[in-house]
Amino acid sequence: MPRKHKPAQPPELAPAVRGQDDTRCGYVALIGAPNAGKSTLLNGLVGQKLAIVTPKVQTTRSRLLGIVILGPAQLILVDTPGIFAPRRRLDRAMVAAAWAGMADADQTVLLVDAVRPEDPDTRHIVDRLAAGGRRAILALNKIDLVPRERLLAIADRLFRVGCFERIFMISGLTGDGVDDLKQYLASAMPPGPWLFPEDQLSDAPERWLAAEVTREQVFLQLHDELPYSASVETEAWEERADGSARIDQVIYVRRPGQRAIVLGDKGARIKAIGARSRAELERMLERRIHLFLFVKVRDNWIEDPERYAALGLDYNV
Ligand SMILES: Nc1nc2c(ncn2[C@@H]2O[C@H](COP(=O)(O)OP(=O)(O)OP(=O)(O)O)[C@@H](O)[C@H]2O)c(=O)[nH]1
Ligand SMILES: [Mg+2]
């Protein structure tokens, strides 16, 4: 579980020291169509990169908590997979995880990409929120790309749906409007003790976050169907006496031809993926990393219940 370095006091003492009476704490689900900018916003709100971000749709596959404190409030942010019309079992599991992320949340933030406010996935989500009588906060995202008059027209139209109690215009990329949203969320959290130690940033194990870093490179450096046919798992993690760590990861693909593409000409592609991932891991873990990547063909990973469990997804949806 990632923590900030060198906590000032033992984490278990934190809420008692603050006095539980004046603290606030709650879950905030970030939902939206694929590519709306949920993971970028999660990272921006937490102030550290936890979730992977790529220009491709359906990057996030399972829920990820990002935890941040603002004054007396602890916000537990839930990054979710994009909601879209699912085709494969993996798609269905991802979409189910997204709706489940919202079910127990104290607040829901719907992110809408201001460049594509009319896209069918967004429309479906808004309809479902309205039909369920669910209240949400609208975050009109990517405002750096759209002229102001157009933003006002989009916000006006969405506000008329009736399920949004607030609208924020933000850019997760530039940070514009993100602090206002954060302040509002902090004030909207119910009173209660903090649920996580003060210095904890996420619920995700480091092994999982490390696998995500490599999967981000698979998404960035490979194209067409390949990223959607690949998964990454950390197989071994060895701390070394000199303070460095050796991490072994497997990139699973579904067909031998895909393995050849991931390896690339004379191993050039896997080398490039490894180099970028290792640099990112060294930044994230703040130490030297020896990264060993292996590519294996596992034709049925996408139908294997064990892989779903490893991903934190429900196989039977
Ligand atoms: N210009 C601009 N781009 C943004 C903004 N927020 C996110 N992006 C870009 O949009 C793309 C998708 O961002 P993500 O954060 O991965 O989106 P997501 O909603 O988590 O996507 P999925 O996990 O696939 O559902 C990336 O290329 C981001 O850099 C923004 O405010 N402005
Ligand atoms: Mg995402």
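These figures come from a predicted structure and were not determined experimentally.

With that settled, the discussion passes to the packing of aromatic side chains. For the structure shown, the criterion picks out three aromatic pairs. Their ring planes at 50° and their centres at 5.5 Å tell us that Phe168 and Tyr184 sit as a pair that is tilted. With a gap of 16 residues between them, Phe168 in strand S6 (residues 164–169) and Tyr184 in helix H6 (residues 178–188) connect regions that are remote in the sequence. Across this residue pair, the class does not change: Phe168 and Tyr184 are buried. A cation over a ring is seen here: Arg128 above Trp99, with NZ or CZ 3.9 Å from the ring centre.

So, about the sheet that holds strand S7 (residues 231–239). Pairing is mixed across the open sheet formed by three strands, whose spatial order is S7-S8-S9. Unpaired on one side and paired on the other, S7 and strand S9 (289–297) mark the two borders of the sheet. In this sheet, adjacent strand axes meet at a mean angle of 20° when their direction is disregarded. Contacts between helix H9 (residues 256–263) and the sheet are confined to strand S8 (245–253) and S9, with S9 contributing the most and set at about 155° to the helix. Against the sheet, helix H10 (residues 268–285) engages S7, S8 and S9, with an angle of about 135° to S9.

Here we take up the site of ligand 1. Within the structure, ligand 1 sits among 23 residues, and Lys38, Thr40, Gln58, Thr59 and Thr60 are positioned closest to it. The contact in question runs from an oxygen atom of ligand 1 to an N or O atom on the side chain of Ser39, over 2.9 Å. Take Asn141: an N or O atom from its side chain is 3.2 Å from an oxygen atom of ligand 1. Its free accessible area being 650 Å², ligand 1 has 91% of it covered by the protein chains. Element by element, the count of residues in the shell around ligand 1 is highest for helix H2 (residues 38–46), at three residues. Taken together, the residues that form the shell around ligand 1 break down as seven nonpolar, twelve polar and four charged.

Moving on to the confidence of the model for the chain. In the predicted model, the chain carries a mean pLDDT of 93, and 93% of its residues have values of at least 70. Segment residues 5–17 is flagged for pLDDT under 50; beyond a separation of four residues in sequence, or across chains, it makes nine contacts in the model.

Definitions and limits used
Residues numbered from 1 in each chain as written. Chains lettered and ligands numbered in written order. Predicted model: local features only at pLDDT ≥ 70, side-chain atom pairs only at ≥ 80, totals over all residues. Heavy atoms only, no water. Phe/Tyr/Trp six-rings, centres within 6.5 Å; stacked < 30°, edge-to-face > 60°. Helix = DSSP H or I, 4+ residues; strand = E, 2+ residues; numbered from the N terminus. Buried < 20%, exposed > 50% of the residue type's maximum accessible area, 1.4 Å probe, protein only. Lys NZ or Arg CZ within 6 Å of the ring centre and 35° of its normal. Pairing = 2+ DSSP bridges. Axes fitted to C-alpha atoms, helices over the stretch in contact; angles between N-to-C directions. Contact = heavy atoms within 4.5 Å. Near = heavy atom within 4 Å. Polar contact = N/O pair within 3.5 Å; in protein donor to acceptor, adjacent residues only side chain to side chain. Areas by Shrake-Rupley, 256 points an atom, 1.4 Å probe, with all protein chains shown as cover. Nonpolar A, V, L, I, M, F, W, Y, C, P; charged D, E, K, R; others polar. pLDDT = per-residue confidence, 0-100.

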